[in-house]
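What the coordinates show
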Amino acid sequence: MTTQHPQRGLPATTRTLLLTGNDPEQKRQQLLTYFRQTWELYESLFDCLADEKAYYTKAISLRHPLIFYFGHTATFYINKLMAGQWIDSRLDPKIEAMMAIGVDEMSWDDLDNSHYNWPSVSELRDYRGQVRTLVEQFIQTMPLTLPIDWESPAWVILMGIEHERIHLETSSVLIRQLPVEWVKPQPHWPVCPQARHSRQAVPENSLVAVAGGQVIQGKTDQTYGWDNEYGRLVSEVQPFQASKMLVSNAEFFQFVAAGGYQQQRWWDDEGWNWKTFAQASMPTFWVGSAEQPETLQLRLMTEEVAMPWDWPAEVNQLEAAAFCRWKAEETGQSVQLPAESEWMLLREQVDGDHPNWEQEPGNINLAYWASSCPVDHFRQGDFFDLVGNAWQWTTTPINGFEGFRVHPLYDDFSTPTFDGKHALIKGGSWISTGNEALKSSRYAFRRHFFQHAGFRYVVSSHKESMSQNPYETDNMVSQYLDFQYGPEYFGVANYAKTLADIAVGLTENHHRALDIGCATGRASFELARHFEQVVGLDYSARFIDVALQLTSGEDFRYVTQEEGDLVEYRQVRLKDFDLDTTQASRIHFVQGDACNLKPQPEKYDLVLAANLLDRLRQPERFLRDISTMICSGGVLMLSSPYTWLEEFTPKENWLGGIRENGEALTTYQALQRMLSAEFEEIAPAQDIPFVIRETARKYQHTLAQLTLWRKR
Ligand SMILES: [Fe+2]
């Protein structure tokens, strides 16, 4: 179907700006226009509220009422300009505190009953007027050089604008969730007039084959982006099939009619719990009873209309996934939601990108209507609605790309969603404007959440799970990862590598090595450069899991504490250390207890025990056992700061650091006494320093003592 632009008085929309250019003054004017149009567009959305109650009553229990969002996009400018020290005083500290932070949609049963004393609408209108004046003056006078980058004050302005455009969309969803009597249609927010009201008239969906291929993600276009869009991710996508159209209300009705909402087997646990809690029996925006489909209506932003059966079914990800399970059984094919990478491959069928489109190729950027439209209206390549109409749920939990770093002025934009619980949505809806309309944009919501979002399904072999936690937040694991793979601090060389280098110099036979107390495995990897077989053993299964993941070549991401609640995101991958799967394949990582070692099939040429002795319950027993596992001529390396603590080692088991018959006994002396029968000490003890970072400003600087023993 070709598209006639039915221009109809939607509020003026503009396109997001290019960051580049040769003429800063021209860019300043473009910024001013973009700011004003966004501001006015946002305010005009609130024209759709017909009643004061619409401002002050929560549309859904987990979000603030709309009065908050009316003020919030304005306070955002002031709060960010203050945080960046671009302005030095507030306009209204009370409003700016009250409307600073939106409630992230919590889990569906986590009810927020906080009470706020909201300002009146007219107070807020006045406040918005003051902010507008301030921001306009700021844009007119701020230093501006091109291209605009992260440090530029213009970046803060773009952040405010794109933030307001996000809330334009999410507020439109909240309006859609208000009682219909409290809202009113507006001629400048027109609904698509085209709809098929008979299910039989809706065209059948079908599957289209898609060749696989490599997908490279990471924002390179010269427009404003959120932090999660930058970095790089390369995925190999296997061939798959994808539905030509979004799933329409008519197609989704088949699942409803088949008892989809009554049968638990189509739902995962989270989905069934949500369905039961919400008492859902059909999509949330359907009005009426699914028993009498002829009478069903669809709730739009400001009105209820006879069911447009050929518009996309708008559901949450849990419902979409349940439909796919049902469809998979109906068809005997592996029907599921697409992965983000599969959508990216589909997206290649759409020419160009916002903001360079001459005319929008789909129902996006408010270019046509203030509602969805038929799923066969906008053809794009072999498909319809790859962009626009309704967002499309994926199976992919949002995460940062390789090289991800947070923007310091908005450090909580993305990272709270990197929890394995927020699924990406792609493609944009009719009201996705600015950054949201870009190919590189990445937005994610909890699976039970509603947006103007539906889905297309794929037949695909990809497997993704929402349950993993992509960033390691366990403090102990993070600290050790940073200790073993992170940067050097205060010029102190990497401890694990230093020890491994010494080990290689001491041993002639490089057959078998044991790294006992290996933690996240760095010394094992270093030893594997030289030894044919390495066993990395640790008591902590958490550490061994990390080491195994690194072995597989995946990168491992972790959070380090900066200061208080503030954190930084880091990643480790073997290839950054010039290591690959060749070395990794020589290592066997295993969980085990150094005080209860299993008999080993073969003896070792080297045993490295770093920072282990003083963490053992029975260090003497360990030394006795281990000596039987070392070849004649083999080397035992003991490196320890001898920080004996009763928390780890009962005092009667401390090797040294005690008085024996009234005389001081150091651990070194005790080791000499204990090992001399079976070992020869190769070299005098030496100090090996190491640094463990606790926060950005607190480090432990330790001197371990290294002693070296050759088995007789
Ligand atoms: Fe916000």
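This is a predicted model, so every value here is computed, not measured.

About the thresholds
Residues numbered from 1 in each chain as written. Predicted model: local features only at pLDDT ≥ 70, side-chain atom pairs only at ≥ 80, totals over all residues. Heavy atoms only, no water. Helix = DSSP H or I, 4+ residues; strand = E, 2+ residues; numbered from the N terminus. Buried < 20%, exposed > 50% of the residue type's maximum accessible area, 1.4 Å probe, protein only. Contact = heavy atoms within 4.5 Å. Lys, Arg positive; Asp, Glu negative; His and termini not counted. Charge placed at Lys NZ, Arg CZ, Asp CG, Glu CD. Donors = N, O, S within 2.8 Å, 3.2 Å for Na, K, Ca; no water. Pairing = 2+ DSSP bridges. Axes fitted to C-alpha atoms, helices over the stretch in contact; angles between N-to-C directions. Phe/Tyr/Trp six-rings, centres within 6.5 Å; stacked < 30°, edge-to-face > 60°. Lys NZ or Arg CZ within 6 Å of the ring centre and 35° of its normal. Core = buried A, V, L, I, M, F, W, Y, C linked by side-chain atoms within 4.5 Å. pLDDT = per-residue confidence, 0-100.

Looking at the overall build of the protein
Each helix and strand in the protein was counted, giving 17 helices and 27 strands. Taking the principal axes of its C-alpha atoms as reference, the protein extends roughly 95 × 65 × 50 Å. Taking all 712 residues of the protein together, 58% fall into the buried category. In the protein, the proportion of contacts linking residues at least 24 apart, taken out of those at least 6 apart, comes to 77%. Here the protein holds 63 positive side-chain charges and 94 negative ones, and the gap between their average locations is 1 Å.

Examining the coordination of the iron ion
Ideal geometry at a metal centre gives angles of 109.5 degrees when four donors are arranged tetrahedrally and 90 or 180 degrees when six donors are arranged octahedrally. Each protein donor to the iron ion is listed here as His 72 (NE2), His 163 (NE2) and His 167 (NE2); together their distances run 2.2 Å. All donors of the iron ion belong to a single chain; written as a sequence motif, their spacing is H-x90-H-x3-H. Within this pair, whereas His 72 is found in helix H3 (residues 66-83), its partner His 163 is found in helix H6 (residues 153-176), the two being separated by 91 residues in sequence. Comparing His 72 with His 163, the two get one shared label, buried.

Observations regarding the sheet that holds strand E13 (residues 443-446)
With mixed pairing, four strands are arranged side by side in an open sheet as E13-E12-E11-E14. Only two strands of the sheet have a single partner each, and these edge strands are E13 and strand E14 (453-454). Contacting strand E11 (391-397) and strand E12 (422-426), helix H10 (residues 340-347) crosses the sheet at an angle of about 5° to E12.

Points about the packing of aromatic side chains
For the structure on display, the rule yields 54 aromatic pairs. Note that Arg 176 overlies the ring of Phe 285, its terminal NZ or CZ placed 3.8 Å from the centroid. For Arg 405, the ring lying beneath its charged end belongs to Trp 150, and the centroid distance is 4.5 Å.

Considering the nonpolar core
Counting residues in hydrophobic clusters, the biggest one holds 121 residues, and the most contacted among them are Leu 31, Trp 189, Phe 252, Trp 286 and Phe 455. Examining the composition of this core, we find that eleven residues originate from one element, H6, more than from any other. Leave out the neighbours within four places in its chain, and Phe 455 touches Leu 246, Val 247, Phe 252, Ala 313, Val 315, Ala 320, Phe 323, Cys 324, Leu 337, Trp 391, Gln 392 and Trp 393. Ala 496, Val 534, Phe 577 and Val 635 belong to the second largest nonpolar core, which has 46 residues in total.

Looking at the confidence of the model for the protein
In the predicted model, the protein carries a mean pLDDT of 91, and 95% of its residues have values of at least 70. Every residue in residues 1-8 is under pLDDT 50, and counting partners more than four places away or in other chains gives 18 contacts. With pLDDT under 50 throughout, residues 103-113 is counted as low confidence; its partners more than four residues away or in other chains account for 30 contacts.

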